[in-house]
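Listed below, chain by chain, are the residues.
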Amino acid sequence: MSEIQSDTLRTRGVDVMDYDRSTVTPGIVHLGIGAFHRAHMAAYVDRLLAKNPSWGIIGASLRRPDTRDALEPQDFLYTLAIRDASGTKPRVIGSILDVLDANTQRAQLIETMADPAIRIVSLTVTEKGYCHDPSTGELDEEHPDIVHDLAHPETPISAPGIIVAALERRRQRGLAPFTVMSCDNLPSNGKTAGRIVRRFAELRGAGMSLADYVQNVSFPSTMIDRIVPATTDADRSIVAEITGLDDAWPIMTEPFTQWVIEDDFPAGRPPFETVGAELVEDVEPFELMKLRMLNGSHSTMAYLGYLSGYQYVNEAIADAAIHRLVHGLMTEEAMPTLPMSRTTLEAYRDQLLARFANPALKHRTWQIAMDGTQKLPQRLLGTIRDRLKATQPFPRLALGVAAWMRYVTGIDEAGQPIDVKDPMATRLRQIADEAGRDPEKLANGLLAVTEVFGTDLPQVAVFRDTVTNHLKSLLENGAKEAVQRLG
């Protein structure tokens, strides 16, 4: 970006990077270069490049080339638009230097990751990208991508396969491993990533040398908190009007942002703490708080809100009954399972309720409802298990689970189709079609999906009965009435 362009943007109120981009070199490869990464980690890195130019990011799309195709003509620059009721505040982000398409540039991607200049490989590949069993956190050794990658180790398609292929190349060259940093919403995401990658390395069958090498890789956990809706054409028009530029893929987000990182980077790291990140010894309390309060509430609102006819989260939380439900879910069911102080949790709850109500964010309930089979174990079922252990009730959490069951039938309350996006969508729809409108048959069929519920929860009568009764209410009375009856 030229100085003339920068000056023009500043006169329009656009925040522009304060470094010479031509001096920036890559130090990070990020797998899964979607909106969430570009609203969060890439923005933090952008803020530190003026003093630390060796930490630029090479992004990689593992499934589709959409991001690369959109950003390449604009030199991988994009607009981060921060929105609330007061308006839209844009910043041009320059931390991403290139984006590789793993489908057509796989060899280049692996070679880039093997470059000694790359000291961190980070991931935002969503829960399903880990090719694991969400109910156990272990590698799914029968996952089609894992089966492929074990048979064809030189041409991997999964995130674990690509990471291990690059680590093997570094081992062969006598290089130190990079640090693998998960940025996904998984419990103990670093430990989960480490367990999956190490197990994959063992299965590679390349002798213990590779497995031993991977044992030395660091997998710090992180907690990332920022709400990032999908970008719409209306968003593109707003950004173009403010900046005077056509941006093929701007990112819309909220003012709030939080990043908590386990400080475990043997290969070195940028000074994340200088741009607002918190470096800690143990991320798990923060992570659990976010998963159970923000993500658990989000999923519950997504299913109940969608079924109630609300397109956006701010519309759903404006419904007094849903607001009461979400407040109660966090206060009475989630918070007692968390190790933080009551004062901290109450402040976080109130902050979340205000964030959900942001009228400018336009976060679609349908977007949050995606991939429920991958999300439920972490967002709702872990809390329910803790409530069961303490012999405490969980009516709101159970309603969230029942709402997911109602949602994945694929037919809404007006008889219209629901576009259910989930890696198990076909299986879920088959179960729903066989059960029809019988809540007991539907609940039994879905509870038998052990990848979601494990083998323990379906055997607990109070869990099964509570969920089934809520499902019956949803089917007979509709979502609005079911929420209202819960009080």
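Our structure's up above, just so we're on the same page.
Colleague: Requested: an account of the overall build of the protein chain, with residues and values cited.
Modeller: Within the protein chain, the secondary structure is distributed over 22 helices and 13 strands. Projected onto the principal axes, the alpha-carbon positions of the protein chain cover approximately 60 × 60 × 45 Å. With 487 residues in all, the protein chain has 57% of them scored as buried. Counting only contacts in the protein chain whose residues sit at least 6 apart along the sequence, the fraction spanning at least 24 positions is 75%. Surface accessibility of the protein chain: about 19000 Å² in total, with carbon and sulfur atoms responsible for 49%.

Colleague: So what about the sheet that holds strand S3 (residues 78-84)? Which residues, and what values?
Modeller: In any sheet, the strands associate via hydrogen bonds between backbone groups, in a parallel or an antiparallel arrangement. With respect to topology, 3 strands assemble into an open sheet ordered S4-S3-S11, the strand pairing being mixed. The two strands at the open ends of the sheet, each matched to only one other strand, are strand S4 (87-93) and strand S11 (251-253). Each strand of the sheet is rotated relative to its neighbour by a mean of 25°, with strand direction disregarded. The pairing of S3 with S4 spans 7 bridges and is antiparallel. Bridged to Asp84 within S4 is Gly87. Against the sheet, helix H3 (residues 41-48) contacts S3 and S4, and its axis sits at roughly 65° relative to S4. Helix H10 (residues 233-243) rests against S3, S4 and S11 of the sheet, and its axis sits at about 100° to S3.

Colleague: Provide a residue-level description of the side chain of Ser61, including the pertinent values.
Modeller: Tracing the backbone shows Ser61 in strand S2 (residues 56-61). Excluding anything up to four places from it in sequence, Ser61 contacts Ile33, Thr67, Val99, Leu100, Asp101 and Ala102.

Colleague: I'd like to hear about the environment of Tyr19, residue by residue, with values.
Modeller: Along the polypeptide, Tyr19 turns up in the loop between helix H1 (3-11) and strand S1 (26-31). Considering only alpha carbons, one finds Tyr19 and Gly94, 75 residues apart in sequence, at a separation of 9.1 Å. Setting aside residues no more than four positions away along its own chain, Tyr19 makes contact with Val24, Asp46, Leu49, Ala50, Gly94 and Ser95. Here the side chain of Tyr19 touches Asp46 through a polar contact of 2.5 Å, side chain to side chain.

Colleague: Kindly report on the sheet that holds strand S10 (residues 222-225), identifying the contributing residues and their values.
Modeller: Within the open sheet, the 3 strands sit side by side as S10-S12-S13. Their pairing is mixed. In this open sheet, the two strands that pair with only one neighbour each are S10 and strand S13 (278-280). Each neighbouring strand pair of the sheet contributes to a mean axis angle of 15°, computed without reference to strand direction. By the bridge criterion, 3 bridges tie strand S12 (residues 258-262) to S13 in an arrangement that is parallel. In the sheet register, Val260 faces S13, and the bridge partner there is Glu278.

Colleague: Outline the pattern of salt bridges, supporting the account with residue identities and numerical values.
Modeller: Following the criterion strictly, the structure yields 31 salt bridges and no others. Put simply, Glu346 and Arg342 hold a salt bridge, and the shortest N to O gap is 2.9 Å. Placement of both Glu346 and Arg342 in helix H14 (residues 342-356) is noted, with a separation of 4 residues, approximately one turn of the helix. The salt bridge partner of Glu481 is Arg485, with a shortest N-O separation of 3.0 Å. Here Arg485 and Glu481 lie together in helix H22 (residues 479-486), a separation of 4 residues that amounts to about one turn.

Colleague: For the packing of helix H13 (residues 320-334) against H14, give the residues involved together with the corresponding values.
Modeller: The contact between H13 and H14 brings their axes to 10 Å, and the two run at 155°. Here H13 lies roughly antiparallel to H14, going by the angle between them. With respect to the hand of their crossing, H13 and H14 are arranged in right-handed fashion. Packed against H13, whose contacting residues are His323, Val326, His327, Met330 and Thr331, the element H14 presents Arg342, Arg349, Leu352, Leu353 and Phe356 at the interface. When its residues are assigned to classes, the contact of H13 with H14 shows 5 nonpolar, 3 polar and 2 charged.

Colleague: Talk me through the environment of Val164; I want residue IDs and the actual numbers.
Modeller: Mapped onto the secondary structure, Val164 falls in helix H7 (residues 159-172). Expressed as a C-alpha distance, the spacing of Val164 and Pro153, which sit 11 residues apart in the sequence, is 8.8 Å. Beyond its immediate sequence surroundings of up to four residues, Val164 is in contact with Val197, Phe200, Ala201, Arg204 and Leu210.

Colleague: Hey, could you go over the nonpolar core for me, with residue numbers and the actual values?
Modeller: Counting residues in each nonpolar core, the largest one holds 77 residues, and the members touching the most others are Leu31, Leu109, Met113, Ile163 and Trp259. Here this core gets 7 residues from one element, more than from any other, and that element is H7. Beyond its immediate sequence surroundings of up to four residues, Leu109 is in contact with Val29, Leu31, Ala60, Leu62, Leu100, Ala102 and Ile162. One finds Leu329, Met330, Ala369 and Ala398 within the second-largest nonpolar core, a separate group that totals 75 residues.

Colleague: Give me the packing of aromatic side chains: which residues, what numbers.
Modeller: Counted under the stated rule, the structure contains 8 aromatic pairs. Members of the aromatic cluster, connected to one another through ring pairs, are Tyr44, Trp259, Phe265 and Phe272. When the ring centre of Trp55 is taken as origin, the NZ or CZ atom of Arg119, which lies over that ring, is 3.8 Å away. Just above the ring of Tyr312 sits the side chain of Lys362; from NZ or CZ to the centre is 5.0 Å.

Colleague: Please set out unusual backbone geometry residue by residue, giving values where relevant.
Modeller: Although it is not a glycine, Asp75 sits at a positive phi angle of roughly 60°. Positionally, Asp75 belongs in the loop between helix H4 (66-71) and S3.

Colleague: Break down helix H21 (residues 461-477) for me, with residues and values.
Modeller: Between its terminal C-alpha atoms H21 stretches 24 Å, which fits the 24 Å expected from 17 residues at 1.5 Å a residue. Within H21, the full set of buried residues consists of Phe463, Val467, Thr468, His470, Leu471, Ser473, Leu474 and Leu475. The inward-facing, buried residues of H21 abut helix H11 (284-307), helix H16 (372-389), helix H17 (395-407), helix H19 (439-447), helix H20 (450-453) and H22. Once H21 finishes, Gly478 follows within two positions and takes phi at roughly 90°, a positive value.

Colleague: Which residues make up the side chain of Asp149, and what are the values?
Modeller: Secondary-structure assignment places Asp149 in helix H6 (residues 144-151). Among buried charged residues, Asp149 stands out as having no salt bridge; its nearest opposite-charge side chain is Arg106, 6.9 Å away. Within the structure, Asp149 has its side chain in polar contact with the side chain of His148 (distance 2.9 Å). When residues no more than four places from it in sequence are discounted, the contact partners of Asp149 are Thr155, Pro156, Ile157, Ser158, Gly161 and Phe200.

Reading guide: rules and limits
- Residues numbered from 1 in each chain as written.
- Predicted model: local features only at pLDDT ≥ 70, side-chain atom pairs only at ≥ 80, totals over all residues.
- Heavy atoms only, no water.
- Helix = DSSP H or I, 4+ residues; strand = E, 2+ residues; numbered from the N terminus.
- Buried < 20%, exposed > 50% of the residue type's maximum accessible area, 1.4 Å probe, protein only.
- Contact = heavy atoms within 4.5 Å.
- Areas by Shrake-Rupley, 256 points an atom, 1.4 Å probe, with all protein chains shown as cover.
- Pairing = 2+ DSSP bridges.
- Axes fitted to C-alpha atoms, helices over the stretch in contact; angles between N-to-C directions.
- Polar contact = N/O pair within 3.5 Å; in protein donor to acceptor, adjacent residues only side chain to side chain.
- Salt bridge = Lys/Arg side-chain N within 4 Å of Asp/Glu carboxyl O.
- Parallel < 35°, antiparallel > 145°, perpendicular 65-115°, else oblique.
- Left-handed = near helix turned anticlockwise from the far one by under 90°.
- Nonpolar A, V, L, I, M, F, W, Y, C, P; charged D, E, K, R; others polar.
- Core = buried A, V, L, I, M, F, W, Y, C linked by side-chain atoms within 4.5 Å.
- Phe/Tyr/Trp six-rings, centres within 6.5 Å; stacked < 30°, edge-to-face > 60°.
- Lys NZ or Arg CZ within 6 Å of the ring centre and 35° of its normal.
- Expected span 1.5 Å × (residues − 1).
- Lys, Arg positive; Asp, Glu negative; His and termini not counted.

Purely geometric numbers; function is a separate question.
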